[in-house]
Amino acid sequence: RSSGSQSAAIKTLKKMGKNSPKQNSSLSDFKSVFNILNKIAADTSNIKMKMTEIDNKLDSMDERFDEMESRISTLEDHEEEKAAKMADIEKKLQKAWDRVEDLENRSRRNNICLMGLPEGVENGRPIDFLKKNLPVFLDLLEGEDLEIERAHRSLAPKPKTNQRPRPIIMRLLKFQTRELILRRAREKQIVTWENHRLAFFQDLSKEVQQKRKAFMECKCILRECVVKYLMAYLAILWIHYEGQWYSFPAPELAEVFI
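An unreviewed UniProt entry lists the chain under the name L1 transposable element RRM domain-containing protein, from Latimeria chalumnae.

## Examining the pairing of strand β7 (residues 236-241)
A regular strand places its side chains on the two faces of the sheet in alternate fashion. In this sheet, β7 lies alongside strand β6 (residues 229-232) in antiparallel orientation, the contact comprising 4 bridges. In the sheet register, methionine 231 faces β7, and the bridge partner there is leucine 237. As judged from the 5 bridges shared by β7 and strand β8 (residues 244-248), these two strands associate in the antiparallel manner. In the sheet register, isoleucine 239 faces β8, and the bridge partner there is tyrosine 246. Counting the residues that bridge the hairpin from β7 to β8 gives 2 residues, and of these glutamate 242 lies at a positive phi of roughly 50°.

## Looking at the sheet that holds β8
A sheet is described by the order of its strands in space; here 3 strands give the open sequence β6-β7-β8, paired in antiparallel fashion. Two strands in the sheet have a free side with no partner beyond their single neighbour: β6 and β8. In this sheet, neighbouring strand axes are inclined to one another by 25° on average, regardless of whether the strands run parallel or antiparallel.

## Re the domain arrangement of the chain
For the chain, the domain assignment lists domain 1 (27-107), domain 2 (109-203) and domain 3 (205-257). Contacts between the two partners involve 6 residues from domain 1 and, on the opposite side, 6 residues from domain 3. Between domain 1 and domain 3, roughly 480 Å² of surface is buried when both sides are summed, and carbon and sulfur atoms account for 43% of that area. Where domain 1 packs against domain 3, one counts 1 salt bridge. Here domain 1 and domain 3 share 2 residue pairs in polar contact (both at pLDDT 80 or more) between them.

## Section: helix α3 (residues 126-138)
Here α3 spans 17 Å end to end across 13 residues, near enough to the 18 Å set by a 1.5 Å rise per residue. Within α3, the axis deviates most sharply at lysine 132, by approximately 35°, and proline proline 135 lies no more than four positions further along. Of the surrounding secondary structure, the elements contacted by the buried residues of α3 are β1 (111-115), β2 (148-153), β3 (168-172), α4 (175-188), β4 (191-193) and β5 (196-202).

## Describing the side chain of asparagine 110
Inspection of the secondary structure puts asparagine 110 in the loop between α2 (21-107) and β1. By relative accessible area, which is 12% here, asparagine 110 ends up buried. Residues in contact with asparagine 110, not counting those within four places in the same chain, are Met170, Arg171, Leu172, Leu173, Lys174, Phe175 and Arg178.

## Observations regarding the UniProt feature "coiled-coil region" (unreviewed entry) in the chain
This chain's UniProt record puts "coiled-coil region" (unreviewed entry) on residues 51-106. The span residues 51-106 shows a helical share of 100% and a strand share of 0%, and its end C-alpha atoms are spaced 80 Å apart.

## So, the sheet that holds β1
Spatially, 5 strands are ordered β2-β3-β1-β5-β4 in an open sheet, and the strand pairing comes out antiparallel. Strands with a single pairing partner mark the edges of an open sheet, and in this sheet they are β2 and β4. Averaged over all neighbouring strand pairs, the angle between strand axes comes to 30°, with direction disregarded. Sheet contacts for α3: β1, β2, β3, β4 and β5; angle to β2, the most-contacted strand, approximately 100°.

## With respect to the pattern of salt bridges
Applying the stated criterion across every chain yields a total of 15 salt bridges. Of the charged contacts, one joins glutamate 67 and arginine 71 as a salt bridge, the two residues approaching to 2.8 Å between their closest N and O atoms. In this pair, glutamate 67 and arginine 71 are both assigned in helix α2, 4 residues apart and thus about one turn of the helix distant. Classification of arginine 71 as exposed rests on a relative accessible area of 54%. Arginine 166 is the partner of glutamate 119 in a salt bridge, and the nearest nitrogen-oxygen pair spans 3.0 Å. Taken together, the residues glutamate 119 in the loop between β1 and α3 and arginine 166 in the loop between β2 and β3 connect sequence positions 47 residues apart. By sharing partners, the salt bridges in this structure join Glu104, Arg108 and Asp203 into a single network.

## Re the packing of aromatic side chains
Per the stated rule, a full pass over the model turns up 4 aromatic pairs. Ring centres of phenylalanine 129 and tryptophan 193 lie 5.8 Å apart, and the angle between their planes is 85°; this geometry places the pair in the edge-to-face category. Remark: tryptophan 193 occurs in strand β4 and phenylalanine 129 occurs in helix α3; sequence separation between them is 64 residues. Of the two residues, phenylalanine 129 and tryptophan 193, both sit in the buried class. With a centroid separation of 4.9 Å and 40° between ring planes, the pair formed by tyrosine 246 and phenylalanine 257 is classed as tilted. Of the two residues, tyrosine 246 sits in strand β8 while phenylalanine 257 sits in helix α7 (residues 251-257), which places them 11 residues apart along the sequence. Here tyrosine 246 falls in the partly exposed class, since its relative accessible area comes to 28%. By relative accessible area, phenylalanine 257 is classed as partly exposed at 33%.

What counts, and at which threshold
Residues numbered from 1 in each chain as written. Predicted model: local features only at pLDDT ≥ 70, side-chain atom pairs only at ≥ 80, totals over all residues. Heavy atoms only, no water. Pairing = 2+ DSSP bridges. Helix = DSSP H or I, 4+ residues; strand = E, 2+ residues; numbered from the N terminus. Axes fitted to C-alpha atoms, helices over the stretch in contact; angles between N-to-C directions. Domains from an automatic or database assignment. Contact = heavy atoms within 4.5 Å. Buried area = accessible area lost by both parts, 1.4 Å probe. Salt bridge = Lys/Arg side-chain N within 4 Å of Asp/Glu carboxyl O. Polar contact = N/O pair within 3.5 Å; in protein donor to acceptor, adjacent residues only side chain to side chain. Expected span 1.5 Å × (residues − 1). Bend = angle between axes of the 7 residues up to and from the residue. Buried < 20%, exposed > 50% of the residue type's maximum accessible area, 1.4 Å probe, protein only. UniProt positions renumbered as here; feature names shortened; annotations may be inferred. Phe/Tyr/Trp six-rings, centres within 6.5 Å; stacked < 30°, edge-to-face > 60°.

Right under this line is the structure:
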């Protein structure tokens, strides 16, 4: 209640008996009650103000949450679009990389990698050395013109005396000559020169070599079992079994078959 109502009530009590002790006590009690009620009214008013502020803040938070949900939904939509675009880009990039890898290996298709020759035996003239000695290594026909276009050691640093010599990369003018040399090396199986065992390989990119290296365990098992096999370009293992050839593009498939 207001202070005016309180004063009026007090005056009424005074008129009823100014000198009565009970009335004086009642008057004091009324004053206490009115003070408590005034305090409760003030506290209630403050609570209402606080509640109004809280309501306003909650309304503001609701608006912000709605805005956040809208933005998140938009971001999710954009993320899906970007994921689809990235998948398409990765697919195209892989296709382009496969073409680059194929072009690199095709540029090496006339090359042969010769391993095992000691460093320096060619005396700085690898083409002359190979033309003279390859027919001896592989028992080729006399007068066979190998037509070596280029030949050099690999570009790795020169090894120390106790290290493995660098391979010689030779580029032949004709693809048929390359096939002849590799075929004769396979037929002869063991090729030596002055107690050094030589090995002839196709010159392939590092990526293809790693793919072929994954078949190493399969090839070891096949050699132990005396089973005929060959490695086809790029990295496909062919196994000859019971009169038929079977191809395996992955080592896991070949292991299951073996």
